[in-house]
Amino acid sequence: MPVLENICIADISGQKRLDVRLNGEITLKHTVGQVVDHFLDAKRIPRNELRWSAFSRGVMLDHKQELGDLHQTDDQWRVIPEVSAG
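Examining the pairing of strand β3 (residues 52–56)
In terms of burial, β3 is a largely internal element, four of the five residues being buried. As defined by bridge partners, β3 adjoins strand β5 (residues 76–81) across four bridges and the pair is classed as antiparallel. Within β5, the position partnered with A54 by the bridge is V79. Looking at chain direction, β3 and strand β4 (residues 59–60) are connected through two bridges and run antiparallel. When the bridges of β4 are listed, S56 appears paired with V59. Hairpin connection of β3 to β4: two residues between the antiparallel strands, including R57 at a positive phi of 55°.

Encoded structure:
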């Protein structure tokens, strides 16, 4: 299976973007959750005590999944906070 080489990560508005090249600071052994944290830190987005999730192709990615286990088509992510009503 072909592996990811780059990930383009954006917030829900698309205003804050980060292009991540793998095998540098981020490797295929990093998890989705670690990359989400990296994005939030790099773009100085406050967590506000919320859990943040990444979506690719309309599907939420598993926080514990390693990047090496993702398909190469999962290279465009939207990162959004999980908010519950009430």
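There's plenty left to go through after this.
Brief notes about helix α1 (residues 32–42)
Looking at α1, one finds that the buried residues are V32, G33, V35, V36, F39 and L40. The arc that holds the buried residues of α1, viewed along the axis, is 165°, so those residues lie on one side. Positive backbone phi, at 50°, marks R44, one or two positions downstream of α1.

Brief notes about unusual backbone geometry
Even without being glycine, N48 reaches a positive phi, approximately 50°. Located in the positive-phi region is E49, a residue other than glycine, with phi close to 60°. Residue position: E49 is located in the loop between α1 and β3. Of the residues examined, E49 reaches a relative accessible area of 85% and is grouped as exposed.

Some thoughts on the sheet that holds β3
Taken together, five strands build an open sheet; the order of strands is β2-β1-β5-β3-β4 and the sheet is mixed. Both outer strands of the open sheet, β2 (17–21) and β4, are each paired with one neighbouring strand and no more. Sheet topology note: the strand β1 (residues 6–11)/β5 ladder contains four bridges and is parallel. Bridging from a neighbouring strand, D11 pairs with V79 of β5.

Section: the pattern of salt bridges
Counted by the stated rule, this structure contains five salt bridges. A salt bridge links K29 to E66; the shortest N-O distance between them is 4.0 Å. Residue K29 is found in the loop between β2 and α1, and its partner E66 is found in the loop between β4 and β5; the two are separated by 37 residues along the sequence. Residue E66 is classed as partly exposed on the basis of its relative accessible area of 29%. Here the salt bridges do not stand alone but share partners, grouping D37, D41 and R47 into one network.

Conventions and cut-offs
Residues numbered from 1 in each chain as written. Predicted model: local features only at pLDDT ≥ 70, side-chain atom pairs only at ≥ 80, totals over all residues. Heavy atoms only, no water. Buried < 20%, exposed > 50% of the residue type's maximum accessible area, 1.4 Å probe, protein only. Helix = DSSP H or I, 4+ residues; strand = E, 2+ residues; numbered from the N terminus. Pairing = 2+ DSSP bridges. Arc of directions from axis to C-beta. Salt bridge = Lys/Arg side-chain N within 4 Å of Asp/Glu carboxyl O.

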